[in-house]
Amino acid sequence: MEYSHSDDELIKQPIGYWSWAAYKAVVGRTRSALAELGTTQPQWWVLAQLARAEEPRTRDDVCATLRDYLDTGQDAMETEIDATVERGWVTEYAGGRLELTAEGRAFFDEVAAAQGELWAERHAGISDEEYLTTLKVLQRFVRNTGGTAWHH
């Protein structure tokens, strides 16, 4: 790969710009691929939360987990959960308990396969060691600047 600058120049580049550029590229590519499959990234998150849960999840549980993902917000997550119900991927029972339908499980499996392909695309030419270092450095930037980040 040809980099934008020499090593001496790269060391002076602003992390804010490059982390923003990476965010735009990665999230934009992911959202575009999911749109081609007929879903949104937040709807995928809902399906993944339900498909991978060891115990049944409620609407409140799912919203509490996902509302801070990429600053989505509570209201938007409520709307996205509603959309998964309307599309027939999720059934909502009394008390807000959510469950994947057979159609939802099949769609989840299809999208999970696409997500695996996207993962491979993003990680091409990047070793596990480089990836781990990158995440640790980014987490230090968050901590050093007084920010907060949470995932899972």
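## Remarks on a nonpolar patch on the surface
A surface patch of nonpolar side chains, amounting to about 300 Å² of accessible area, comprises Ile-15, Leu-135, Leu-138 and Phe-141. Counting residues per element, the nonpolar patch draws most heavily on helix α7 (residues 128–144), at 3 residues. The class for Phe-141 is partly exposed, based on a relative accessible area of 35%.

## Details of the packing of aromatic side chains
For the structure shown, the criterion picks out 6 aromatic pairs. Measuring from centroid to centroid gives 5.7 Å for Tyr-17 and Trp-20, while their planes differ by 50°, and the two rings are tilted. Remark: Trp-20 and Tyr-17 occur in helix α2 (residues 15–37); sequence separation between them is 3 residues, near one turn of the helix. Consider the rings of Trp-45 and Tyr-69, whose centres lie 5.2 Å apart with planes at 75°: the pair is edge-to-face. Separated by 24 residues along the polypeptide, Trp-45 in helix α3 (residues 41–51) and Tyr-69 in the loop between α4 (59–66) and α5 (74–86) bring together distant segments of the chain.

## Let's talk about the environment of His-5
For His-5, the location among the structural elements is in the segment before α1 (7–10). Assessed through its relative accessible area of 27%, His-5 is described here as partly exposed. Once residues within four sequence positions are removed from consideration, His-5 is found in contact with Leu-10, Gln-13 and Trp-18. In terms of polar contacts, His-5 uses its side chain to reach the side chain of Ser-4, at 2.6 Å. Polar side-chain contacts of His-5 include one of 3.4 Å to the side chain of Gln-13.

## So, the pairing of strand β3 (residues 97–100)
Residue alternation in β3 divides its side chains into a buried set, Leu-98 and Leu-100, and an unburied set, Arg-97 and Glu-99. The pairing of strand β1 (residues 57–58) with β3 spans 2 bridges and is classified as antiparallel. Within β3, the residue paired with Arg-57 across the bridge is Leu-98. Bridge analysis of strand β2 (residues 90–92) against β3 gives 3 bridges, and the strand direction is antiparallel. Note that in β3 the partner of Thr-91 across the bridge is Glu-99. Count of turn residues in the β2/β3 antiparallel hairpin: 4 residues, of which Gly-95 carries a positive phi of about 80°.

## A word on the side chain of Thr-84
As for its placement among the helices and strands, Thr-84 is situated in helix α5. For Thr-84, a relative accessible area of 0% corresponds to the buried category.

Reading guide: rules and limits
Residues numbered from 1 in each chain as written. Predicted model: local features only at pLDDT ≥ 70, side-chain atom pairs only at ≥ 80, totals over all residues. Heavy atoms only, no water. Patch = residues over 30% accessible without salt bridge, like charges linked within 9 Å, V, L, I, M, F, W, Y side chains within 5 Å. Areas by Shrake-Rupley, 256 points an atom, 1.4 Å probe, with all protein chains shown as cover. Salt bridge = Lys/Arg side-chain N within 4 Å of Asp/Glu carboxyl O. Helix = DSSP H or I, 4+ residues; strand = E, 2+ residues; numbered from the N terminus. Buried < 20%, exposed > 50% of the residue type's maximum accessible area, 1.4 Å probe, protein only. Phe/Tyr/Trp six-rings, centres within 6.5 Å; stacked < 30°, edge-to-face > 60°. Contact = heavy atoms within 4.5 Å. Polar contact = N/O pair within 3.5 Å; in protein donor to acceptor, adjacent residues only side chain to side chain. Pairing = 2+ DSSP bridges.

Functional significance is not addressed by these values, which are geometric in nature.
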